[in-house]
Amino acid sequence: MDLFEKNTTAIQEILPEVWLLTNYAAQNEPAILQGLASVMTQAPLRHMMTPMGFAMSAAMTNCGDLGWVSDRKGYRYNAIDPNTNQPWPLMPESFMALAKQAASAAGFNGFLPDACLVNQYKVGASMGLHQDKNEVDFNQPIVSVSLGLSAVFLFGGLLRSDKPLKVPLAHGDVLVWGGKTRLNFHGILPIKANQHSKLNAKLEDYFNEHRVNLTFRKAG
Ligand code: MD6
Ligand code: FE
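Overview of the structure. Note that the structure is predicted; figures quoted are calculated from it, not measured. (Residues numbered from 1 in each chain as written. Chains lettered and ligands numbered in written order. Predicted model: local features only at pLDDT ≥ 70, side-chain atom pairs only at ≥ 80, totals over all residues. Heavy atoms only, no water.)

1. Digging into the pattern of salt bridges
We count it as follows: Salt-bridge detection follows one rule: a side-chain nitrogen of Lys or Arg within 4 Å of a carboxyl oxygen of Asp or Glu. A run of H or I in DSSP counts as a helix once it spans at least four residues, and a run of E counts as a strand once it spans at least two, with each numbered from the N terminus.
Counted under the stated rule, the structure contains 7 salt bridges. The partner of Glu135 in a salt bridge is Arg217, and the shortest N-O contact between them spans 3.3 Å. Of this pair, Glu135 sits in the loop between β9 (127–130) and β10 (142–148) while Arg217 sits in strand β15 (residues 210–217), placing them 82 residues apart in sequence.

Right, here's the structure in full:
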């Protein structure tokens, strides 16, 4: 077996309680991409406003019982999509299965996400260092799935000033973290034009121009 083959799945603990599952989403790629298309149709992507009044550079939507929203009033989870006034789309079964399996593979058994945030980045879009702290139970891990264009994920410490580790993430990679790193600062460097390796012809053009990140959380 060629260990350096692109399609190989590998599981590495890159920092204490931070797991990189390389190419882990490949096993169920068609169902994941189909689920994503359905979610984006029901709850269209939009650029949310930060509390400071700036539009975020990543476009977002959600699926699951709770969706992460940002506006002039702050960051929070909401059961209703403020743009459609409808509940967020159901979390596709393929999303739920992937998130549960990835969490278990990283040693977090019993993870049952109720929120999936979808982030779409075009070339040049980024996400500044932040902590995820709008969830109720910080004992629950986070599962993050990368699709499309590659990105450099910054994994910092508990202080904004801690120098972050740069983690390259490619199409199909899954990052799982929790425990003592659950509140660490993290972000995404501006996305560069690049080519992901392989994909479903119908969606290929879209994923040559975008990175999509699915972040699964137990929010409520
Ligand atoms: C992103 N992700 O990868 C941004 N937060 O596009 C996040 O901010 C994030 O991936 C918490 C856990 C996993 C993440
Ligand atoms: Fe985050």
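Don't stop here, the text continues.
2. Structural notes on the sheet that holds strand β11 (residues 151–155)
Neighbouring strands of a sheet are bound in pairs by backbone hydrogen bonds; such pairs are parallel or else antiparallel. As a reminder, the rule being used: Think of it this way: DSSP has to see at least two bridges between two strands before they count as a pair. Only the stretch in contact is used when fitting a helix axis, every axis being a line fitted to C-alpha atoms; angles between N-to-C directions are given from 0 to 180 degrees.
Sheet architecture is open: 4 strands sit in the order β9-β14-β11-β12, paired in antiparallel fashion. Either end of the sheet is taken by a strand with one partner, and the two such strands are β9 and β12 (165–169). Across the sheet, the mean angle separating the axes of adjacent strands is 20° when strand polarity is ignored. Bridge analysis of β11 against β12 gives 5 bridges, and the strand direction is antiparallel. When the sheet's bridge partners are listed, Phe153 is paired in β12 with Val167.

3. Side note on the coordination of the iron ion (ligand 2)
For clarity, the cut-off: Keep in mind that water is not among the atoms, so a site may look incomplete; donors are the N, O and S atoms within 2.8 Å of the metal, or 3.2 Å for Na, K and Ca. Three labels apply to residues, based on accessible area from a 1.4 Å probe with only protein chains included: buried if under 20% of the type maximum, exposed if over 50%, partly exposed otherwise in between.
Coordination of the iron ion (ligand 2) by the protein is provided by His130 (NE2), Asp132 (OD) and His186 (NE2), with metal-donor distances spanning 2.1 to 2.2 Å. Accessibility expressed as a relative area gives 5% for His186, which makes it buried.

4. Re the side chain of Ser144
The condition is simple: Here, two residues are considered to be in contact whenever any of their heavy atoms come within 4.5 Å of each other.
Secondary-structure assignment places Ser144 in strand β10. The residues contacting Ser144, other than those within four sequence positions of it, are Asp173, Val174, Leu175, Asn213, Leu214 and Thr215.

5. Brief notes about the sheet that holds β10
Strands sit in the order β1-β2-β13-β10-β15-β8-β3 across an open sheet of 7 strands; the sheet is antiparallel. At either margin of the open sheet sits one strand with a lone partner, and together these are β1 (10–15) and β3 (59–63). Within the sheet, the average angular offset between the axes of one strand and its neighbour, ignoring direction, is 20°. The pairing of β1 with strand β2 (residues 18–22) spans 5 bridges and is antiparallel. Across the sheet, residue Ala10 finds its bridge partner in β2, namely Thr22.

6. Considerations on the nonpolar core
Put simply, the rule reads: Nonpolar cores are built from buried Ala, Val, Leu, Ile, Met, Phe, Trp, Tyr and Cys residues. Side-chain atoms within 4.5 Å join them into one set.
Counting residues in hydrophobic clusters, the biggest one holds 30 residues, and the most contacted among them are Phe95, Val143, Val145, Leu147, Val174, Leu214 and Phe216. Top contributing element to this core by residue count: helix α2 (residues 93–105), with 6 residues. Setting aside residues no more than four positions away along its own chain, Leu147 makes contact with Ile32, Leu33, Leu36, His171, Gly172, Phe207, His210, Arg211, Val212 and Leu214. The next biggest cluster of nonpolar side chains, apart from the first, holds 28 residues, and it includes Met60, Trp88, Leu117 and Val167.

7. What about the pairing of strand β8 (residues 115–122)?
Counting buried positions over the 8 residues of β8 gives 7, a clear majority of the element. One ladder, built from 5 bridges, connects β3 with β8; its direction is antiparallel. Paired with Cys63 across the two strands is Cys116, which belongs to β8.

8. Concerning the packing of aromatic side chains
The condition is simple: We call Phe, Tyr and Trp rings a pair once their centres come within 6.5 Å, taking the six-membered ring for Trp, and we label the pair stacked below 30 degrees between planes, edge-to-face above 60, and tilted otherwise.
Going through the model one piece at a time under the given rule, you end up with 6 aromatic pairs. Ring centres of Trp68 and Tyr75 lie 5.3 Å apart, and the angle between their planes is 25°; this geometry places the pair in the stacked category. Relative to Phe216, the ring of Phe95 lies with its centre 6.0 Å away and its plane at 85°, an arrangement referred to as edge-to-face. On the criterion of sequence distance, the pair formed by Phe95 in helix α2 and Phe216 in strand β15 is long-range, its members being 121 residues apart. This pair shows no difference in class: Phe95 is buried, exactly as Phe216 is.

9. A few points about the site of ligand 1
Rules: Summary of the distance rule: residues count as near a molecule or strand when at least one heavy atom falls within 4 Å of that molecule or strand. Pairing of N or O atoms within 3.5 Å defines a polar contact, subject to two protein rules: one partner must be a possible hydrogen donor and the other a possible acceptor, and residues neighboring in sequence count only if both atoms are side-chain atoms. Cavity and pocket criteria rest on a 1 Å grid covering protein atoms alone: a 1.4 Å probe that fits but cannot get out defines a cavity, protein on both sides within 12 Å along at least 5 of 7 lines defines an open pocket, and an atom within 4 Å of a point defines a lining residue. Any molecule with more than half of its atoms within 2 Å of a cavity's or pocket's grid points is regarded as sitting in that cavity or pocket.
Around ligand 1 lies a shell of 15 residues, among which Tyr121, Asp132, Ser144, His186 and Arg211 are the nearest. His130 places a side-chain nitrogen or oxygen 3.0 Å from an oxygen atom of ligand 1. One of the side-chain nitrogen or oxygen atoms of Asn213 is found 3.3 Å away from an oxygen atom of ligand 1. Put simply, ligand 1 lies in the largest pocket. Those elements that place two or more of their residues in the shell around ligand 1 are β8, β9, β10, β14 (186–188) and β15.

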